[in-house]
Number of protein chains: 2
Amino acid sequence: MSHKSKPPTDEQIEKVRSFNRFYTRHIGLLNEGLLESAFSLTEARVLYELAHGNPVTAADLGRDLGLDAGYLSRLLKRFDAKGLLRRTPSQDDRRQLLLSLTEQGFAAFGPLNQASATQVAAMLSELSPGERERLVQSMAAVERLVGDGPNSDPAYSLRPHRIGDIGWIAHRQGLLYAQEYGWDETFEALVAEIAASFVKNFDPQWERCWIAEREGEIVGSVFLVRSSGEVAKLRLLYVELSARGLGLGRRLVDECIGFAREKGYRTLTLWTNDVLVAACGIYRAAGFRLVKEEAHRSFGKDLVGQTWDLDL
Amino acid sequence: MSHKSKPPTDEQIEKVRSFNRFYTRHIGLLNEGLLESAFSLTEARVLYELAHGNPVTAADLGRDLGLDAGYLSRLLKRFDAKGLLRRTPSQDDRRQLLLSLTEQGFAAFGPLNQASATQVAAMLSELSPGERERLVQSMAAVERLVGDGPNSDPAYSLRPHRIGDIGWIAHRQGLLYAQEYGWDETFEALVAEIAASFVKNFDPQWERCWIAEREGEIVGSVFLVRSSGEVAKLRLLYVELSARGLGLGRRLVDECIGFAREKGYRTLTLWTNDVLVAACGIYRAAGFRLVKEEAHRSFGKDLVGQTWDLDL
DNA sequence: TGAAATAGTTGACTAAGTCAACAATATGCG
DNA sequence: CGCATATTGTTGACTTAGTCAACTATTTCA
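What this report covers is the structure whose coordinates are included nearby. Given the structure is predicted, the values throughout are model-derived calculations rather than measurements.

Definitions and limits used
Residues numbered from 1 in each chain as written. Chains lettered and ligands numbered in written order. Predicted model: local features only at pLDDT ≥ 70, side-chain atom pairs only at ≥ 80, totals over all residues. Heavy atoms only, no water. Pairing = 2+ DSSP bridges. Helix = DSSP H or I, 4+ residues; strand = E, 2+ residues; numbered from the N terminus. Axes fitted to C-alpha atoms, helices over the stretch in contact; angles between N-to-C directions. Near = heavy atom within 4 Å. Polar contact = N/O pair within 3.5 Å; in protein donor to acceptor, adjacent residues only side chain to side chain. Nonpolar A, V, L, I, M, F, W, Y, C, P; charged D, E, K, R; others polar. Least-squares fit on C-alpha atoms with pLDDT ≥ 70 in both. Contact = heavy atoms within 4.5 Å.

Residues and elements named next belong to chain A. Pairing is mixed across the open sheet formed by seven strands, whose spatial order is S3-S4-S5-S6-S7-S9-S8. On the outer flanks of this sheet lie strand S3 (157-159) and strand S8 (289-298), each paired with one strand and no other. Strand after strand, the sheet turns through a mean of 25° between neighbouring axes, direction not considered. Pairing analysis gives four bridges linking strand S6 (residues 231-239) to strand S7 (residues 267-273), with the strands arranged parallel. If you follow Lys-233 over to S7, its bridge partner there is Thr-269.

What follows is about the protein's contact with DNA strand C. Looking at DNA strand C, there are 22 residues lining it, with Ser-40 and Tyr-71 of chain A together with Ala-59, Arg-74 and Arg-95 of chain B nearest. For DNA strand C, the backbone portion of the atoms within 4 Å of the protein, that is sugar and phosphate, comes to 62%. Measuring from a base oxygen of DNA strand C, one finds a side-chain N or O atom of Arg-95 of chain A at 3.4 Å. Note that a phosphate oxygen of DNA strand C is positioned 3.3 Å from one of the backbone N or O atoms of Ala-58 of chain B. The residue inventory of the surface near DNA strand C, partitioned by class, reads five nonpolar, six polar and 11 charged.

Now for the relation of the copies chain A and chain B. Between chain A and chain B, the superposition needs a rotation of 180° and an axial shift of 0.7 Å, giving an RMSD of 2.4 Å. The transformation relating the two chain copies, once decomposed into turn and shift, fits a two-fold axis. For chain A, the residue whose C-alpha comes nearest the rotation axis is Gly-167 of chain A, separated from it by 1.9 Å. The overlap is high: 98% of the interface residues of chain A also sit at the interface in chain B, so the same surface is used on both sides.

In short, the description is geometric, and any link to function would need to be established separately.
Okay, structure coming up:
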């Protein structure tokens, strides 16, 4: 399973460790917040688990929270003694006790829960709405990526364009091609112009844009514009580094081809450069033919432009 | 300080709490990894702090890591007894002891540090290179946003534009004006076009762009372009919601005026809309005169366009 | 100068967690 | 079926981690 390409860089390792140290400290602070409550952090965690979800067994609880069975047993006994807990013998397995909170248990959990929510709300209140959203998304990303590694669900979804997309796409493509091929800022400007003119002249009857998203983040896109009644043009295909290898480029091209066929175009054409070998591979595999090549100087580099056509 | 707009949503609070629970558990797991080493998590944290950075005092250490002074004192005594620690009386303050590791201390820290790095490396190895980058970036975002809330030091800096900026600006302005005034996607397209044409025709002798950054994030910008030998035009002034009230808008306009004067322009002109009252206030305060108004329909709204001039 | 604060230490304590052993029950295999 | 093996939950005996208040030696500040 861990035959995934190159090892992580030292810098990445260091940054992750730095975050671990940071959050260890942060959790210590959250911990202190519970100080005036009658419960310790571990007790609070157990209460939380019991208050949510269905009755569980002690063994499950211990596994989920990483607690020692003996310790947990005594902790539960304490809860039981205080009348917070109901322990019902399981029908299936008479060794097990199914744990659930009593009304008193919920009553004890309520203020604790409330205090925790208030504490978090106070922290969030210091942030602007935009920052809050970014925090929540970043946390979700960390959780997904750290949470037992090989979950990596490669699921992406496609949607039409909306406000904010074209700027974002110019931004990302500008950076991406500068990084990968050393192209200068005029490339970003070109992307911005093409995307802007697409939006300004957008004719939903004949044109379309596909934005690929994964977890709310744009990971690729493509535009299809009408050149004439017979010819459609595919433009600005791109896939983020982090989303390569999922067949997303191919998928986006296929969407274009399908749409172009459906609308009755006779030819799908596109312009690209020979250095973009991955993209050219996709076009060739999709049935495009290279119909023209010409050298040009753009984006601060000497390039070879290519025109590819597909008969629909 | 916390008069920042609306309160956080329940959903956001719940997601943050979920993350806290998740990472509490995760740190517990990291903890178990240290089990075969001779040190506890807290000891490892102290060793780490001592191994990095300059000599510190025990009080600093306790504050940084959130440890009880008495507990820390004994812990350090243990380290000292094992010969891991050097405690040098401070010159400045004879109550203090400056703490640093001995060679033996570093020798003890080495394997511990290595084990921790290996553990993190193993986790990262399960991810693709793109995922690793996203993890690191998400962690950095969480750390920045959670790290002592009212960090918001209002210091911003100005810099020239570079690759990625114009797309970003179109993206942000598109979203911002959609949110604030309900403008449609053609506004973003207009911003993209103006910014793109600025980059393509950029003449550093006569033109300039100022990007305001705070902690690596763009919080505002403005462009100055040459209309003729005598007339310069100020375009695309914008300030992020999160950076309002810092006088940034005024600062950006002043930069433009200063630059235009320096280059010998006779007039600085700009076009805006009357709904942008904050911006109009800045222009007026800077000495601009409203020279023309005309109603127009753009961005899906009925607007009143305004031309403002400043004699330099 | 003197009151108040701070650095570091210590004694006395509580809370948190670990480990091994145990009874009761369940599971799987020949 | 019956027997070895594993699992659930419990308990006793223990160690580790952390807290709290009191104390000395110093520094700071009015």
